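A look at the structure
Read off the chains here:
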Amino acid sequence: MSLSLLYPPLPLLSTHYESHRVNPPTHHHKTLPPSFTRPRLSSTSFSKPKRKVQSFCNCSLMPTEVSSQVMLEQSRAYWVSKSLIAWNVDALDGSCYLYSSRSASLSAVDNGIEGYDKKIKLDVCSDGLPEYVIKKFPHLREYKVYMVPPALVAKDRIKCQLSVAIFSSAGTLISATGIQLPGVVDELFSYTGPLGAVFSDETITFYLWAPTAQRVHVLIYGDAARDDPLKNVQLKETNGVWTAHGPRSWEGCYYVYEVYVYHPSTLRVERCLANDPYARGLSADGKRTLLVNIDSDACKPQGWESLADEKPDVDSFSDISIYELHIRDFSVNDYTVDPDFRGGYLAFTSQESAGIHHLRKLSKAGITHVHLLPAFQFDGVKDEKDKWKSVDTQMLEFLPPDSAQQQEYITAIQNEDGYNWGYNPVLWGVPKGSYASNPNGPSRTIEFRKMVQALNRIGLRVVLDVVYNHLQGSGPFGENSVLDKIVPGYYLRMNTNGQIENSACMNNTASEHFMVERLIIDDLLCWAVDYKVDGFRFDLMGHLMKHTMVKAKNMLQDLSKIKHGVEGAKIYIYGEGWDFGEVAKNGRGTNASQFNISNTGIGSFNDRIRDAVLGGSPFGHPLQQGFVTGLALEANGHDHGSKSDAERTLAVSKDHIQVGMAANLKDYVLTDCDGKEVKGSQVKTYDGIPVAYASCPAETVNYVSAHDNETLFDIISLKTPMDISVDERCRINHLATSIVALSQGIPFFHAGDEMLRSKSLDRDSYNSGDWFNRMDFSYSFNNWGVGLPPKEKNEKNWPLMKPRLADPSFKPHSHHILAAVENLLNLLKIRYSSPLFRLKTANAIQERVQFYNTGPSWIPGVIVMGIEDGHNGIPGLSQLDSISSNSYSHIVVVINVCPNEVSFSSHALQAKSFQLHPVQINSTDNIVKNSTYDASAGHFKVPSRTTSVFVECRD
């Protein structure tokens, strides 16, 4: 069955404008200068006449201005529907013409445009763009409109080089430009039928959507490397879709498409060799598409069809806890894993490895989902392991902890080793070959499935990190270019000059276009149904349109075990809702930013709680302190303003954290640091943006650390005073973790933070190799002090890093790591000891969660959160916690970030029967055991740098 047949037609959706801003993304892999444009490339096919003179005279324009207005290599006009072209140039009393050339022979000369096959006069439309066009292209709202004659066959013209030109009433050429086509392409060629290679009993049918192509062939190869194709088959076109049939015996062969198409980046008709956008298998490094039927029994591990019945249950999205993990990090340094499996999919099937034992402990304590960094086909790592370069790590071990030599060795081979995070998408729908035992053939499909199966069987669902916001390649010749070879100028989002937008790193995709959105939806469907993935994390989700995300969620929710073999209602999706670049403030339609995504049930990362807990932001000074790192309580020498300024910032940070602990709900009412009753949306960030954006708990993903930026231990080691002990830093690590673990909403943990993981202060380890990214499941070391981190992203902070890395007192010992592991396990056990920590609705949180120690007279550095339950048979709150004989009627969490013991009293909490949570009583943390509660005074006493959980048992 073709999964693409499940995709329904898309209606036009309205655009809603809402002005807001959030912190920009914290991405390694997403930093190219805004001036980056595609290089002009030489042709491999049709030649083009040399460009002629482009200097013109016009009484109203200077010669330099005229020249800049006649640029056929730019595309400043938009063919927005079959009858309308939008262009931000006014014809005034002159005339406008559309030119086309099938051989791409257009050129500008002194008196106009030559080399055309057709020249069509366009009439001026004084009514402006219709509303349905503005909804699709809001950035064109003010553009001038030109009418295309009804007799023009647009379907033929879009296969040509196109240009529009305006002439004065005297016949002088004023302006000319190329044309962007997505609007008319969507109107004429939106398609919901099968795509890719579809297998039947006797044949394989190829379907390729390429409406602008002039000719398409499929080249069939007998193996992954042979130069000469077995067959060269020409495809036939029907309304933009090219098809061909082949025998079923081709299964196991490889193919590429040969597409002859006009490419605006070169102004030529090019011969492009491209993989199938709907590829489900590849040869090594994605050179060719594998003809693989992933629905065949040969591609399924034993028991695969019944996996849906074995998956760990999730009653509600509020019950989810997420552990973010990189596939290679997990096992490449784990010597309890078979050497052939290390760093790949099959490491997760090594049931007796140290890493799997660790994951089992996390699962037993409460972690429900493992979030895997990108595992689709990405660039940056060769698929064949014998092509990798490596460094003698034994030699590196003997270098000083603050030396710059380690990073020199690592960066010298960083683009030729086996390491990269994977945010460099080449093809979205195929597992990455470097993680498989054999990158050719079907191994990557089988082994990815075995990984999902193995994780499910130890109680962990699997989240796949998807990167639909950008692609690694573009242009007609790049080895990583796929989509831009097949329909140039359609899949990638263009600026108003017709150059590719790069705000998401490079080659931004355009989910506002019908077939881009369709490809994303179909790809998600493949991962959910064919690989039984349990959730998706969207990289730079704000660069996608809201309607894309909502359509994705609805599609996944509709999957059923009976029909699709998966329970779609249990699939959770979330992402980075940052609002920046060309999509900011709904610049290309209503995007999936934090505020826009509210009321959809889709999760969004809460950077507010992260910044308040740790201090500043990933873009601020690394020494800027926050709530747990000593702000106003233990100075580190950085200028935080006056004493009153620092105290005020501490109080405001507490408000931000409390809103986050209440699931960052817009309408949650609390008392702020000024003593006012306010909603979460009325609490503002330092630049006046609302802190809260969520409408339900599942829409907030609380975190203090992720793969981006420094690890939790590293950022704490930077921000805390240099003279405190490593014991104290470890307790601060525990504090930060406790805030996330005990908050309403979805808690998210970066792999290794529970082991005090260090990357030697690297703020961006996406390409820093195994050396700086090491994890140790034997709990003997945390990777601190393995040299100054790579120069490219860290050099300006080396003077701050060097004395810390050189100081042996900063390095934790094994007992510190073991204590940190136990801390997270205990926090998870506490979270899952009562449903009160995992309330399912906004109303339940408002009714049951309350913060004490608020207002201007608060005890600085202390957060007190109460969660109250009702009692069966008694009017008022319903009883939620009745799962066991140890159920709790009331819970109080006291977070003391001060370097000293604190006391807090509340009349509202007097005469209760609170006691320290049994998990903390039975822990090896002797400090937390000194926490006390005096019922007669409602008095709590909590040791320094400690989170204490008090519970009132129903008995």
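Residues numbered from 1 in each chain as written. Predicted model: local features only at pLDDT ≥ 70, side-chain atom pairs only at ≥ 80, totals over all residues. Heavy atoms only, no water.

What to know about the overall build of the protein
What the protein contains, in helices and strands, is 24 helices and 38 strands. Whereas a compact globule of 955 residues would reach a radius of gyration of roughly 30 Å, the protein reaches 30 Å, a difference of no more than 12%. The dimensions of the protein, computed from C-alpha atoms along their principal axes, are 95 × 65 × 65 Å. When the 955 residues of the protein are sorted by exposure, 64% land in the buried category. Partitioning the intrachain contacts of the protein with sequence separation of at least 6 by distance along the chain shows that 74% fall at a separation of at least 24. As presented, the protein carries roughly 33,700 Å² of accessible surface, and 51% of it is formed by carbon and sulfur atoms. Once the 93 positive and 105 negative side-chain charges of the protein are each reduced to a mean point, those two points are 4 Å apart. (Helix = DSSP H or I, 4+ residues; strand = E, 2+ residues; numbered from the N terminus. Rg over C-alpha atoms; globule rule 2.2 N^0.38 Å. Buried < 20%, exposed > 50% of the residue type's maximum accessible area, 1.4 Å probe, protein only. Contact = heavy atoms within 4.5 Å. Areas by Shrake-Rupley, 256 points an atom, 1.4 Å probe, with all protein chains shown as cover. Lys, Arg positive; Asp, Glu negative; His and termini not counted. Charge placed at Lys NZ, Arg CZ, Asp CG, Glu CD.)

What about the sheet that holds strand β11 (residues 203–209)?
On the basis of which strands lie adjacent, the open sheet formed by four strands has the order β10-β11-β15-β14 and antiparallel pairing. The sheet is open, and its two edges are formed by β10 (196–199) and β14 (236–238), each paired on a single side. Neighbour-to-neighbour, the strand axes of this sheet turn through a mean angle of 30°, independent of strand direction. Pairing geometry for β11 and strand β15 (residues 241–247), over seven bridges, is antiparallel. Across the sheet, W209 pairs through a bridge with V241, a residue of β15. (Pairing = 2+ DSSP bridges. Axes fitted to C-alpha atoms, helices over the stretch in contact; angles between N-to-C directions.)

Concerning the nonpolar core
Core analysis: the biggest nonpolar cluster contains 230 residues, and W79, W209 and F536 have the highest contact counts within it. Examining the composition of this core, we find that 12 residues originate from one element, helix α12 (residues 514–530), more than from any other. Those residues in contact with F536 that lie beyond four places of it in its chain are V463, L464, V466, L524, W527, A528, L556, I571, Y572, I573 and Y574. A504, W578, V701 and Y703 belong to the second largest nonpolar core, which has 19 residues in total. (Core = buried A, V, L, I, M, F, W, Y, C linked by side-chain atoms within 4.5 Å.)

Notes on the packing of α12 against helix α13 (residues 546–557)
Across the interface, α12 lies against α13 with an axial gap of 10 Å and an inter-helix angle of 30°. What the angle tells us is that α12 and α13 run roughly parallel. Crossing of α12 over α13 shows right-handed handedness. Of the residues in α13, those in contact with E517, I520, I521, L524, L525 and A528 of α12 are H547, T548, K551, A552, M555 and L556. Across the contact of α12 with α13, the residue classes tally to eight nonpolar, two polar and two charged. (Parallel < 35°, antiparallel > 145°, perpendicular 65-115°, else oblique. Left-handed = near helix turned anticlockwise from the far one by under 90°. Nonpolar A, V, L, I, M, F, W, Y, C, P; charged D, E, K, R; others polar.)

Some details on helix α21 (residues 798–806)
Turning to α21, its buried residues number three or more, namely W798, M801, R804 and L805. Buried residues along α21 cover an arc of 130° about the axis, so they all sit on one side. (Arc of directions from axis to C-beta.)

Points about the packing of aromatic side chains
A full pass over the atoms with the stated rule returns 36 aromatic pairs. Ring geometry for F605 against F748: centres 5.0 Å apart, planes inclined by 85°, an arrangement best described as edge-to-face. Note that F605 is positioned in strand β26 (residues 603–606) and F748 in strand β30 (residues 746–750), a separation of 143 residues in sequence. A relative accessible area of 1% places F748 in the buried class. One aromatic cluster is present, built from ring pairs that chain together F317, Y572, Y574, F605, Y703 and F748. The ring centre of Y531 lies 5.3 Å from the NZ or CZ of R449, which sits over that ring. Taking NZ or CZ as reference, K654 lies 4.9 Å from the ring centre of W858, over its face. (Phe/Tyr/Trp six-rings, centres within 6.5 Å; stacked < 30°, edge-to-face > 60°. Lys NZ or Arg CZ within 6 Å of the ring centre and 35° of its normal.)

Some points on the sheet that holds strand β34 (residues 902–905)
Across a sheet, strands are paired by hydrogen bonds formed along the backbone, either parallel or antiparallel in direction. Taking strand neighbours across the sheet as the criterion, the three strands line up as β34-β37-β36 in an open arrangement whose pairing is antiparallel. Each end of this open sheet is capped by a strand with a single partner; those strands are β34 and β36 (932–934). The mean angle between the axes of side-by-side strands here comes to 15°, regardless of whether they run parallel or antiparallel. The pairing of β34 with strand β37 (residues 939–942) spans four bridges and is classified as antiparallel. Each bridged residue has a counterpart across the sheet, and for S905 the counterpart in β37 is H939.

Quick notes on the side chain of R493
Within the secondary structure, R493 is located in the loop between α11 (483–486) and α12. Exposure remark for R493: the relative accessible area of 1% places this residue in the buried category. Polar contacts involving the side chain of R493 include one to the main-chain carbonyl oxygen of H543, which spans 3.1 Å. (Polar contact = N/O pair within 3.5 Å; in protein donor to acceptor, adjacent residues only side chain to side chain.)

Some thoughts on the pattern of salt bridges
One pass over the full model with this rule turns up 46 salt bridges. K159 is paired through a salt bridge with E237; the nearest N and O atoms lie 3.0 Å apart. On the criterion of sequence distance, the pair formed by K159 in the loop between α3 (154–157) and β8 (161–167) and E237 in strand β14 is long-range, its members being 78 residues apart. A salt bridge links R461 to D534, with the shortest nitrogen-to-oxygen separation between them at 3.5 Å. Of this pair, R461 sits in strand β23 (residues 461–466) while D534 sits in the loop between α12 and β24 (535–538), and the two are 73 residues apart along the sequence. (Salt bridge = Lys/Arg side-chain N within 4 Å of Asp/Glu carboxyl O.)

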